[in-house]
Amino acid sequence: MGAPHRCRSPTKPSCCARLLWLLSMVVTASSCPRVCHCTDRGGVVVQCTSRNLDSVPPNLPKDTIVLLLSSNRIKHIPKDAFADLRRLRELDLSHNAIDSVDAGAFQGVSDQLRSVDLSNNHLSGLPRDAFAELHARVRLSHNPWHCECSLQEVLRELRLDPETVNEVSCHTAVQEEYVGQPVIHVLDSGINFCNFHHKTTDVAMFVAMFCWFSMVTAYIIYYIKHNQEDARRHMEYLKSLPSTSHISKDFDTASSVF
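What you see is a predicted model; the values in this text were computed from it and never measured.

### Looking at the overall build of the protein chain
Here is step 1 of the chain: Helix and strand counts for the protein chain come out as five helices and eleven strands.
Here is step 2 of the chain: Taking the contacts inside the protein chain whose residues are at least 6 apart along the sequence as the reference set, 42% of them involve residues at least 24 apart.
Here is step 3 of the chain: For the protein chain, the exposed area adds up to about 17,000 Å²; of that, 58% sits on carbon and sulfur atoms.

The following block contains the structure:
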């Protein structure tokens, strides 16, 4: 009889290694979202591209390192959407319909996150704390950005992807002359959108104060005129009354008759 086949052959993976690999595949398959496809590459790669999703899938594998959610119908990224993904390195949200991102949407992810792709969506603005403490490179190209103070403050806190930074353009702006221009070029030229914001606020306050002053003035004028009219009528009424001397004469005449 030939020698029995040993599990630990120097030319083949050990039975234990195979068993661990099979076990990891079973665990990955069991935790993978039903509509997605997951593979293990030293961490889980979750492939959810073009699955007609309208939100970020819940209960993603905690050891996800790559999450691909492009080409879906996602409209909103809520707070703590990826908080449990402590090993996440790459996040692709491009080619969706995202028009809002909550403050704290990316909080909880680790410093290992290298890239976030939000290009080709419907974003016009972002809350200041949307990318708080995020160190990844972010793609924001091909969105209908409204260039104003809050967007300026967000962009200054981000590491924009250098390959697409010139494609982050003003779709609308507080000043019409900047529409169509790359945001980074406008800011590098020394333009400060927050100055326009303050000027607009000052003008609005001035207009409001002017309207309030006009209303108060109009009320005072109306009050004075109304009182003058009442006073005039009162004087005319007093003039229409018979005088006291005339009353005395009439009384004397009546007395003499009796």
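### Describing the environment of Gly43
Here is step 1 of the chain: Tracing the backbone shows Gly43 in the loop between strand S1 (37-40) and strand S2 (44-47).
Here is step 2 of the chain: Ignoring anything within four residues of it in the chain, the contact list for Gly43 reads Asp63, Ile65 and Arg87.

### So, the state of the cysteines
Covalent bonding between the sulfur atoms of two cysteines defines a disulfide.
Here is step 1 of the chain: Evaluated as defined, the whole model comprises four disulfides.
Here is step 2 of the chain: One disulfide bridge connects Cys36 with Cys48, the sulfur atoms lying 2.0 Å from each other. Between Cys36 and Cys48 the disulfide shows an S-S torsion of about 110 degrees. By sign, it is right-handed. Residue Cys36 is found in the loop between helix H1 (15-31) and S1, and its partner Cys48 is found in the loop between S2 and strand S3 (64-68); the two are separated by twelve residues along the sequence.
Here is step 3 of the chain: Looking at Cys48, the relative accessible area reads 0%, which means it is buried.
Here is step 4 of the chain: One disulfide bridge connects Cys149 with Cys194, the sulfur atoms lying 2.0 Å from each other. In this structure, the disulfide formed by Cys149 and Cys194 twists by about 85 degrees around the S-S bond and is classed as right-handed. Here Cys149 is found in helix H2 (residues 149-155), whereas its partner Cys194 is found in helix H4 (residues 193-240), with 45 residues between them in sequence.

### Quick word on unusual backbone geometry
Here is step 1 of the chain: Within the chain, Asp80 stands out as a residue other than glycine whose phi angle is a positive 60 degrees.
Here is step 2 of the chain: Asp80 sits in the partly exposed class, given a relative accessible area of 36%.
Here is step 3 of the chain: One non-glycine residue, His142, adopts positive backbone phi at about 60 degrees.
Here is step 4 of the chain: Exposure remark for His142: the relative accessible area of 45% places this residue in the partly exposed category.

### Considering the sheet that holds strand S7 (residues 115-117)
Here is step 1 of the chain: Pairing is mixed in the open sheet, where seven strands are placed in the order S1-S2-S3-S5-S7-S8-S10. In this open sheet, the two strands that pair with only one neighbour each are S1 and strand S10 (159-160).
Here is step 2 of the chain: Pairing of S1 with S2 involves four bridges; the strand directions are antiparallel. Bridge assignment links Asp40 to a residue of S2, and that residue is Val44.

### Concerning the pattern of salt bridges
Here is step 1 of the chain: On inspection of all chains with the given rule, the structure shows four salt bridges.
Here is step 2 of the chain: Ionic pairing is found between Glu153 and Arg128, a salt bridge with its closest N-O pair at 3.5 Å. Here Glu153, found in helix H2, pairs with Arg128, found in the loop between S7 and strand S8 (137-139); they are 25 residues apart in sequence, far enough to count as distant.
Here is step 3 of the chain: Put simply, Arg139 and Glu163 hold a salt bridge, and the shortest N to O gap is 3.4 Å. Of this pair, Arg139 sits in strand S8 while Glu163 sits in the loop between S10 and strand S11 (170-173), placing them 24 residues apart in sequence.
Here is step 4 of the chain: Residue classification places Glu163 among the exposed positions, given a relative accessible area of 64%.
Here is step 5 of the chain: Three or more residues are tied together by salt bridges with common partners; here these are Arg139, Asp161 and Glu163.

### Some words on the pairing of S3
Working note: regular strand, side chains alternate between the two faces of the sheet.
Here is step 1 of the chain: Burial within S3 is extensive, with five of its five residues counted as buried.
Here is step 2 of the chain: Sheet topology note: the S2/S3 ladder contains four bridges and is parallel. Within S3, the position partnered with Val45 by the bridge is Val66.
Here is step 3 of the chain: Pairing analysis gives three bridges linking S3 to strand S5 (residues 90-92), with the strands arranged parallel. What sits directly across from Leu67, in S5, is Leu91.

### Topic: the environment of Pro127
Here is step 1 of the chain: Tracing the sequence through the fold places Pro127 in the loop between S7 and S8.
Here is step 2 of the chain: As for Pro127 and Asp102, which are separated by 25 residues in sequence, their C-alpha atoms are 6.8 Å apart.
Here is step 3 of the chain: Once you skip the residues sitting within four places of it in the chain, Pro127 turns out to touch Val101, Asp102, Ala103 and Val154.

The rules behind these values
- Residues numbered from 1 in each chain as written.
- Predicted model: local features only at pLDDT ≥ 70, side-chain atom pairs only at ≥ 80, totals over all residues.
- Heavy atoms only, no water.
- Helix = DSSP H or I, 4+ residues; strand = E, 2+ residues; numbered from the N terminus.
- Contact = heavy atoms within 4.5 Å.
- Areas by Shrake-Rupley, 256 points an atom, 1.4 Å probe, with all protein chains shown as cover.
- Disulfide = S-S within 2.5 Å.
- Buried < 20%, exposed > 50% of the residue type's maximum accessible area, 1.4 Å probe, protein only.
- Pairing = 2+ DSSP bridges.
- Salt bridge = Lys/Arg side-chain N within 4 Å of Asp/Glu carboxyl O.

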